[in-house]
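Take a look at the letters that make up each chain.
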Amino acid sequence: MSNSTKKAIIYDFTKEELGQMVQPPFRAKQIYNWVYHKHVDTFHEMANLPKSLRAELEERFELHPLRTVSRQESRDGSVKYLFALPDGHTVEAVLLLMKEAQYHEDGTLKHHRRYTVCISSQVGCKVGCAFCLTAKGGFVRNLSAGEIVAQVLEIYKNRGIPSNHRVNLVYMGMGEPLDNLDNVAKAVRIFADMDGMSISPNRQTISTSGLSAKIERLGKMDLGVNLAISLHAVDDALRERLMPINKAYNIASIMEAVRNFPVNQRKKVLFEYLVIKDVNDDLDSARKLVKLLNGIKAKVNLIYFNPYPGTEFRRPEPEAMRRFQEYLLGKGILCTIRESKGLDISAACGQLREQQLQASEGASR
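Given the structure is predicted, the values throughout are model-derived calculations rather than measurements.

Q: An account of the overall build of the protein is needed here, citing residue identities and associated values.
A: In terms of helices and strands, the protein carries 12 helices and 16 strands. By sequence separation, contacts in the protein at least 24 residues apart represent 65% of the contacts at least 6 residues apart. Only carbon and sulfur atoms are counted for the fraction: they give 47% of the accessible area of the protein, which is about 16,800 Å².

Q: How would you sum up unusual backbone geometry? Please name residues and give values.
A: In this model, Gln23 is joined to Pro24 through a cis peptide bond whose omega is -10°. For Asp222, which is not a glycine, the phi torsion comes out positive at approximately 50°. By the element assignment, Asp222 lies in the loop between α7 (212-221) and β13 (226-230). Here Asp222 falls in the exposed class, since its relative accessible area comes to 60%. Non-glycine residue His232 carries a positive phi angle of around 70°. Inspection of the secondary structure assignment puts His232 in the loop between β13 and α8 (236-242). Among the residues examined, His232 registers a relative accessible area of 6% and is labelled buried.

Q: Break down the pairing of strand β8 (residues 114-118) for me, with residues and values.
A: The buried fraction of β8 is high, at 4 of 5 residues. As paired elements, strand β5 (residues 90-99) and β8 share 5 bridges and run antiparallel to each other. Across the sheet, the residue bridging to Leu97 is Tyr115, located in β8. Alignment of β8 against strand β11 (residues 168-171), held across 3 bridges, turns out to be parallel. In the strand pairing of β11, Cys118 is matched with Val170.

Q: How would you sum up the sheet that holds β8? Please name residues and give values.
A: Strand order in the open sheet formed by 10 strands is β3-β4-β5-β8-β11-β12-β13-β14-β15-β16, and the pairing between neighbours is mixed. Two strands close off the open sheet at either side, each with one partner strand: β3 (67-73) and β16 (334-337). Across the sheet, the axes of successive neighbouring strands diverge by a mean angle of 20°, strand direction being ignored. Two elements, strand β14 (residues 269-275) and strand β15 (residues 298-304), share 7 bridges in a ladder whose sense is parallel. Paired with Leu270 across the strands is Lys299, a residue of β15. Helix α5 (residues 145-159) contacts β3, β4 (79-84), β5, β8 and β11 of the sheet and is inclined by roughly 125° relative to β4.

Q: Describe the pairing of β15, listing the residues and the values that go with them.
A: Consecutive side chains of a regular strand alternate in pointing toward one face of the sheet and then the other. Counting buried residues along β15, 6 of its 7 residues qualify, which places the element largely inside the surrounding structure. In this view, the connection linking β14 to its parallel neighbour β15 by way of helix α10 (residues 283-292) has right-handed handedness. Where β15 and β16 come together, 4 bridges link them in parallel fashion. Within β16, the residue paired with Leu302 across the bridge is Ile337. Crossover β15 to β16 through helix α11 (residues 318-330) is right-handed.

Q: I'd like a description of α11, backed by residues and values.
A: Helix length check: α11 (13 residues) gives 18 Å between terminal C-alpha atoms against 18 Å at 1.5 Å per residue, within 8%. Buried residues of α11: Ala320, Met321, Phe324, Gln325 and Leu328, and no others. Around the axis of α11, the buried residues are gathered within 130° of arc, so they sit on the same side. Structural note: α11 exposes Glu326 and Gly330 on the side pointing more than 90 degrees away from its buried face. In the stretch just after α11, Gly332 is the one whose phi turns positive, near 85°.

Q: Summarise the side chain of His232; cite the residues concerned and give the values.
A: For His232, the side chain forms a polar contact with the main-chain oxygen of Glu272, separated by 3.3 Å. Among the polar contacts made by the side chain of His232, one reaches the main-chain amide nitrogen of Leu274 at a distance of 2.8 Å. Look past the residues within four positions of His232 in its chain and what remains in contact with it is Phe131, Leu242, Met243, Glu272, Tyr273, Leu274 and Asn280.

Q: If you had to explain the environment of Arg60 to someone new, which residues and values would you point to?
A: Here Arg60 is to be found in helix α4 (residues 51-60). Residue Arg60 is classed as partly exposed on the basis of its relative accessible area, which comes to 31%. Once you skip the residues sitting within four places of it in the chain, Arg60 turns out to touch Lys7, Ala8 and Met21. A polar atom in the side chain of Arg60 sits 3.0 Å from the backbone oxygen of Met21.

Q: Account for the packing of aromatic side chains, with residues named and values stated.
A: By the definition in use, this model includes 7 aromatic pairs. Residues Tyr11 and Tyr36 carry aromatic rings whose centres are separated by 6.0 Å and whose planes lie at 55° to one another, so their mutual orientation is tilted. Taken together, the residues Tyr11 in the loop between β1 (8-9) and α2 (15-21) and Tyr36 in helix α3 (residues 27-37) connect sequence positions 25 residues apart. Taking the relative accessible area as the measure of exposure, Tyr11 reaches 1% and is therefore buried. Three or more aromatic residues joined by ring pairs make a cluster, and in this case those are Tyr11, Tyr32 and Tyr36. Positioned above the aromatic ring of Trp34 is the side chain of Lys38, whose terminal nitrogen or guanidinium carbon lies 4.1 Å from the ring centre. Here the basic side chain of Lys126 rests over the ring of Phe139, its NZ or CZ set 4.8 Å away from the ring centre.

Reading the values: rules and limits
- Residues numbered from 1 in each chain as written.
- Predicted model: local features only at pLDDT ≥ 70, side-chain atom pairs only at ≥ 80, totals over all residues.
- Heavy atoms only, no water.
- Helix = DSSP H or I, 4+ residues; strand = E, 2+ residues; numbered from the N terminus.
- Contact = heavy atoms within 4.5 Å.
- Areas by Shrake-Rupley, 256 points an atom, 1.4 Å probe, with all protein chains shown as cover.
- Buried < 20%, exposed > 50% of the residue type's maximum accessible area, 1.4 Å probe, protein only.
- Pairing = 2+ DSSP bridges.
- Axes fitted to C-alpha atoms, helices over the stretch in contact; angles between N-to-C directions.
- Right-handed = clockwise from strand over helix to strand, strands pointing away.
- Expected span 1.5 Å × (residues − 1).
- Arc of directions from axis to C-beta.
- Polar contact = N/O pair within 3.5 Å; in protein donor to acceptor, adjacent residues only side chain to side chain.
- Phe/Tyr/Trp six-rings, centres within 6.5 Å; stacked < 30°, edge-to-face > 60°.
- Lys NZ or Arg CZ within 6 Å of the ring centre and 35° of its normal.

Right, here's the structure in full:
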């Protein structure tokens, strides 16, 4: 292991923690400004810090915990990244272009481009969903808060996104965020710091496969984040087939935890429903879903299954998606169909990492 990998990752620390590590403490705010607003590449660029402090920071902290292994750009503006961590493991993150910039008639900017960044919380995943490529490689380890934060910062730098440009964050990449709750919660706070990236918690959505006890713990943390539930099935038998974790956290326990979760009055709990052809795309499933969501401030997001090599599952027909959506809308449930992005690149989560692992194995033979 090189000396640099033994250094602490500077993104691992809140501003308050950093203030306890450098003297005088007000320097922490200045460091945050250089790191998160000016996107410097070296500590020596932090011109308003004493040279002695810059040298100390260089000796103690790592400023580049991630290395971009590969990047794929879609025709729709989506960009998928494969990042290497200091220990050589890799994780994926995706920049999703949601809306192009808008301009006034005189040519002045009305709205910036609107982005959503999908980030990973673990290397691999323990949950083992049958439809998920990430699960095929098993679980390796949790990401630190700094490794989570660094994904977004690297994307900002790569795309030239200004520090004052607000994005939405979704913890929907590799891993189960609630299996790494402490580090994810810390990342939420670091992202939200007004002297840092200033990404409000109400722009951050944590997605979970349904770890009921940890949903309750997340609620008690009162972070102000949005909650998304990866439901994907409306009865325990099918959900256990698709998501073995349902044996430990069945649908009833998930719904109870959701009902107790503090939801902003202007927000709804998002239920993600991955639609798989001839598995869960029928109207009977839609009817059962309506019953499950009774009494919950819910929004349903229907997601097309994106096939990958070797999977047994198939992409649903657009007409089946529309029928499912129309039934829910007719029952008063807000329901959207997620626009598929990145179909011309390795769209399925974990696919870019899997390609890289296979290439490495092939080269070693």
